[in-house]
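# A closer look at the structure
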Number of protein chains: 2
Amino acid sequence: MRIFVDAMGGDNAPQAPVEGSLEALRKYPALEISLAGDLEVLEPLLKDCDDVRSRITLVDAPEVITNNESPVMGVRTKKQSATVIGMLQLKEKQVDGFVSAGSTGATLAGGMFRLGRIPGIERPALAPLMPNGKGHFLLIDCGANVDCKPEYLVQFGMMGNAYMRGVMGLENPRVGLINIGAEEEKGNALVKATYPLMEQAPYNFVGNVEARDITGDVADVLVADGFCGNLVLKFMEGLAGTLLGIIKKEIMADTLSKLGGALAKPAFRRVKKLMDYTEVGGAPLLGVQGAVVKAHGSSNGHAFACAIGQAIRMVEGNVVQIIEQQLAAAQPDA
Amino acid sequence: MRIFVDAMGGDNAPQAPVEGSLEALRKYPALEISLAGDLEVLEPLLKDCDDVRSRITLVDAPEVITNNESPVMGVRTKKQSATVIGMLQLKEKQVDGFVSAGSTGATLAGGMFRLGRIPGIERPALAPLMPNGKGHFLLIDCGANVDCKPEYLVQFGMMGNAYMRGVMGLENPRVGLINIGAEEEKGNALVKATYPLMEQAPYNFVGNVEARDITGDVADVLVADGFCGNLVLKFMEGLAGTLLGIIKKEIMADTLSKLGGALAKPAFRRVKKLMDYTEVGGAPLLGVQGAVVKAHGSSNGHAFACAIGQAIRMVEGNVVQIIEQQLAAAQPDA
């Protein structure tokens, strides 16, 4: 198993990708890593890792596609970037997976135009695992496709189903459609047209899921267009922060509560860990012909190692193959 | 000042509307209320209110438009419902405002077809005040219009601006557009087309607001189509509940935290109150020719009284007139 790591992407590059790679190599003895970036920067960072150094292949990738440029132009022109080199290596099966904490747009564009879609998939989608306190749900799409057709959403359900089966080991994941009401006739034009198509889809469609139930463990896969999915993702982050901030402020506002808050610190630490989505890795890019994981831009070394672990599980769980099987099942005459 | 109260709508009718009316009458000495519903049901509930009884006019409205029927058909056929009678009385200036905790669809349809839109307004919108820990922001639209055109969103900003000026006393409310990125070029087709129009609108447009900043006090009015707005509204409710549930569970999980939680109870009580949106009343229906407030279906008496207070402030704050002025300012040649 060989994972390609973009060592130059993300807020904490190159330290976080390098540290994450070392942590992952120590955790997975069969893992090999192709570490791509500016060799002059990377080599000094690999001084104290004799135990795993033999399983690292350095890849010269001096160019970086930043957040401030057109991703499509970037993957077209920056052929010496980790994104382009990695996606091509993945396409040619020189590596088994790809992980980057760099520009989301570049990973998307690289996946679309350098690696390529799974034949039959209309639009690849980003699908992070989100915590709900009890476990996780997969939110698909969270921003790759802001304007969607019903057919895209039906396929998002298919891809989410494949991930939850292959990686999370669920036998029959519940797939829900995020909507503003539970009844079939509710929603905007997009979801109203999607509902009857999902009823025919080869997965366990459990119907509409109202936003108030998103964190209520009523579905394992929650489907939305990329605009609404991104709203949910970012609002979850923002609101959780606002709420915990308010709680902290009120706890500090009177002496008894302050003492109580100090005593309850272990509980708050557990809550923070439960709601910390960096623990589960990053967002897989589903629908492309390989295991691609977009780690959070703010990933530290450990979060990056989790993202590498996620890519490994995607390969071992045959996510791409399950999607292909479902596509075949959905189009029996094709 | 006379407010029309639908006494038969909501989960706790007729008790909550009647109790709320009595509370409001005791709070506002100049208030008069037209209390509409089944007289046989209502009369026994008015036994112990001699202090305010003279300011209550009972209105016979034996029909109810329920959540389970077509709202448009309901307001067309059920002419003896509180919704139809109240909207017509508001139109004829027999009353100054209308409050109901009943079917949202019926209030919308009644506002559209029995009361009527403000000339020039494309689509009335529902706009609840939402807590962010520091104060409140107005979320518009939260479900009246699930499929929108850019022009509707521009007017939502206008109506939200009018409410925050007239009712909340803000001089120059900040109007933001909910989006998945801060930059002008971000978003789906709808918000991308809306942005340049909002830049030309006669209010203080502060640009896109990312979902992670919705509760960050960066805007006083947050504009979205009714589908996304409803997602935000309901997800806020659901996620806050999930988070507080997780915190409670973790606090009960070890002895020290349990003790800490008990000591910090006053803080948690304050948090709950800060995030309790029933305290601010209901959602005004903006864009119709009168002060209409849709109280929460689950309103208790106090929440209903708050909704009546909100209708009073809408009348006193000249919200309808401010919207008319802004429409005139936006169309100087009309």
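Residues numbered from 1 in each chain as written. Chains lettered and ligands numbered in written order. Predicted model: local features only at pLDDT ≥ 70, side-chain atom pairs only at ≥ 80, totals over all residues. Heavy atoms only, no water.

## Here's the deal with the packing of helix α8 (residues 226-251) of chain A against helix α10 (residues 265-274) of chain B
It is the contact of α8(A) with α10(B), at a shortest axis distance of 8 Å, that shows an interaxial angle of 135 degrees. Taken together, the axes of α8(A) and α10(B) are oblique relative to one another. Taken as a pair, α8(A) and α10(B) cross one another with a handedness that is right-handed. Contact residues: α8(A) offers A:Leu243, A:Ile246, A:Ile247, A:Glu250 and A:Ile251, while α10(B) offers B:Ala267, B:Phe268, B:Arg270, B:Val271 and B:Leu274. Here the residues of the contact of α8(A) with α10(B) sort into eight nonpolar, no polar and two charged. (Axes fitted to C-alpha atoms, helices over the stretch in contact; angles between N-to-C directions. Helix = DSSP H or I, 4+ residues; strand = E, 2+ residues; numbered from the N terminus. Parallel < 35°, antiparallel > 145°, perpendicular 65-115°, else oblique. Left-handed = near helix turned anticlockwise from the far one by under 90°. Contact = heavy atoms within 4.5 Å. Nonpolar A, V, L, I, M, F, W, Y, C, P; charged D, E, K, R; others polar.)

## Digging into the nonpolar core
With 220 residues, the main nonpolar core has A:Ile308, B:Leu35 and B:Ile308 as its most contacted residues. For B:Leu35, the contacting residues outside a window of four places in its chain are B:Val5, B:Ala7, B:Val18, B:Ser21, B:Leu42, B:Leu46, B:Ile56, B:Thr57, B:Leu58 and B:Val59. (Core = buried A, V, L, I, M, F, W, Y, C linked by side-chain atoms within 4.5 Å. Buried < 20%, exposed > 50% of the residue type's maximum accessible area, 1.4 Å probe, protein only.)

## Observations concerning the sheet that holds strand β5 (residues 125-126) of chain B
Residues and elements named next belong to chain B. In space, the seven strands of this open sheet follow the order β3-β2-β1-β4-β12-β11-β5, with mixed pairing throughout. On the outer flanks of this sheet lie β3 (56-60) and β5, each paired with one strand and no other. Pairing geometry for β5 and strand β11 (residues 283-286), over two bridges, is antiparallel. The residue bridging Leu126 from the neighbouring strand is Leu285, located in β11. Across the sheet, helix α4 (residues 82-91) touches β1 (2-6), β2 (32-37), β3, β4 (97-100) and β12 (291-294), and the angle it forms with β4 is around 165 degrees. Packing against the sheet, helix α5 (residues 104-115) makes contact with β4, β5, β11 and β12, and its axis sits at approximately 165 degrees to β12. (Pairing = 2+ DSSP bridges.)

## As for the pairing of β12(B)
Along any regular strand the residues' side chains alternate between the sheet's two faces. Residue and element names in this part refer to chain B. Residues of β12 alternate between two faces, with Ala291 and Val293 on one and Val292 and Lys294 on the opposite face, all of them buried. Where β4 meets β12, four bridges bridge the pair, whose relative direction is parallel. Bridged to Ser100 within β12 is Lys294. Linkage of β11 to β12, two consecutive antiparallel strands, is achieved through a turn of four residues, within which Gly287 is found at a positive phi near 105 degrees.

## Things to note about the confidence of the model for chain A
The predicted coordinates of low-pLDDT regions are not to be read in fine detail. Averaged over all residues, the pLDDT of chain A equals 93, while 98% of them reach at least 70. For this predicted complex, the interface score ipTM comes out at 0.91, alongside a pTM of 0.92. (pLDDT = per-residue confidence, 0-100.)

## What about α4(B)?
Residue and element names in this part refer to chain B. For α4, the buried fraction is high: eight of the 10 residues fall into the buried class. Three or more residues of α4 are buried, namely Ala82, Thr83, Val84, Ile85, Gly86, Met87, Gln89 and Leu90. Among the residues trailing α4, Lys93 stands out with phi positive, at a value near 60 degrees.

## With respect to helix α9 (residues 255-263) of chain B
Within the span of α9(B), buried status applies to B:Ser257, B:Gly260 and B:Gly261. Taken down its axis, α9(B) places every buried residue within 100 degrees of arc, on the same side. The inward-facing, buried residues of α9(B) abut α9 (255-263) and α10 (265-274) of chain A together with α8 (226-251) and α10 of chain B. (Arc of directions from axis to C-beta.)

## Description of the relation of the copies chain A and chain B
Here the second copy of the chain follows from the first by a rotation about an axis and a shift along it. Mapping chain A onto chain B calls for a screw motion: a turn of 180 degrees about the axis and a shift of 0.0 Å along it, with 0.0 Å RMSD after fitting. What the rotation and shift describe, once combined, is the action of a two-fold rotation axis. Closest to the rotation axis within chain A is the C-alpha of A:Gly260, separated from it by 1.7 Å. By residue overlap, the copies meet face to face through one surface: 100% of the interface positions of chain A are interface positions in chain B. (Least-squares fit on C-alpha atoms with pLDDT ≥ 70 in both.)

## A short note on the interface of chain A and chain B
Taken residue by residue, the interface counts 51 residues in chain A and 51 residues in chain B. Carbon and sulfur atoms supply 74% of the area that chain A and chain B bury against each other, a total of about 4,700 Å² over both sides. Sorting the residues of chain A by area buried against chain B places A:Ile180, A:Phe227 and A:Phe235 first, and these three jointly supply 15% of that buried surface. The interface formed by chain A and chain B contains eight salt bridges. B:Arg270 is the partner of A:Glu250 in a salt bridge, and the nearest nitrogen-oxygen pair spans 2.5 Å. Our count for the chain A to chain B interface comes out at 14 residue pairs in polar contact (both at pLDDT 80 or more). The dominant element in the side of chain A that touches chain B, judged by the number of residues it contributes, is α8(A), at 19 residues. Its residues assigned to classes, the side of chain A that touches chain B comprises 31 nonpolar, 12 polar and eight charged. (Buried area = accessible area lost by both parts, 1.4 Å probe. Salt bridge = Lys/Arg side-chain N within 4 Å of Asp/Glu carboxyl O. Polar contact = N/O pair within 3.5 Å; in protein donor to acceptor, adjacent residues only side chain to side chain.)

## Looking at the environment of B:Val191
Here B:Val191 lies in helix α7 (residues 189-199). Through-space distance from the C-alpha of B:Val191 to that of B:Ala329 is 23 Å; in sequence the pair is 138 residues apart. With residues up to four places along the chain from it excluded, the contact list for B:Val191 reads A:Phe227, B:Leu177, B:Ile178, B:Asn179 and B:Lys186.

## Structural notes on a positive patch on the surface
Residues and elements named next belong to chain A. Among the surface-exposed residues, Lys248, Lys265, Arg269 and Lys272 lie close enough to one another that they form a single positively charged patch. For the positive patch, the element with the highest residue contribution is α10, accounting for three residues. In this structure, Arg269 sits in helix α10. (Patch = residues over 30% accessible without salt bridge, like charges linked within 9 Å, V, L, I, M, F, W, Y side chains within 5 Å. Areas by Shrake-Rupley, 256 points an atom, 1.4 Å probe, with all protein chains shown as cover. Lys, Arg positive; Asp, Glu negative; His and termini not counted. Charge placed at Lys NZ, Arg CZ, Asp CG, Glu CD.)

## Description of the packing of α8(A) against α8(B)
Between α8(A) and α8(B), whose axes approach to 9 Å, the crossing angle comes to 45 degrees. As far as their axial angle goes, α8(B) and α8(A) are oblique. The chirality of how α8(A) crosses α8(B) is right-handed. Only B:Phe227, B:Cys228, B:Leu231, B:Val232, B:Phe235, B:Met236, B:Leu239, B:Ala240, B:Leu243, B:Leu244 and B:Ile247 of α8(B) make contact with α8(A), whose side of the interface consists of A:Phe227, A:Cys228, A:Leu231, A:Val232, A:Phe235, A:Met236, A:Leu239, A:Ala240, A:Leu243, A:Leu244 and A:Ile247.

## Side note on unusual backbone geometry
Residue and element names in this part refer to chain A. Look at the link from Ile140 to Asp141: it is a cis peptide, with omega at 5 degrees. Tracing the chain through its elements places Asp141 in the loop between β7 (136-140) and α6 (150-166). The phi torsion at Asn318 lies on the positive side, around 55 degrees, for a residue other than glycine. In this fold, Asn318 is placed in the loop between α11 (301-316) and α12 (319-330).

## Concerning the packing of aromatic side chains
Ring pairs (aromatic) are described by centroid distance and by the angle formed between their planes. Residue and element names in this part refer to chain B. Applying the stated criterion across every chain yields a total of five aromatic pairs over all chains. Pairing Tyr195 with Phe205 gives two aromatic rings, centres 5.2 Å apart and planes at 75 degrees, and the pair type is edge-to-face. Taken together, the positions of Tyr195 in helix α7 and Phe205 in strand β9 (residues 204-210) put the pair 10 residues apart, joining distant regions of the chain. Since its relative accessible area comes to 11%, Tyr195 is described here as buried. (Phe/Tyr/Trp six-rings, centres within 6.5 Å; stacked < 30°, edge-to-face > 60°.)

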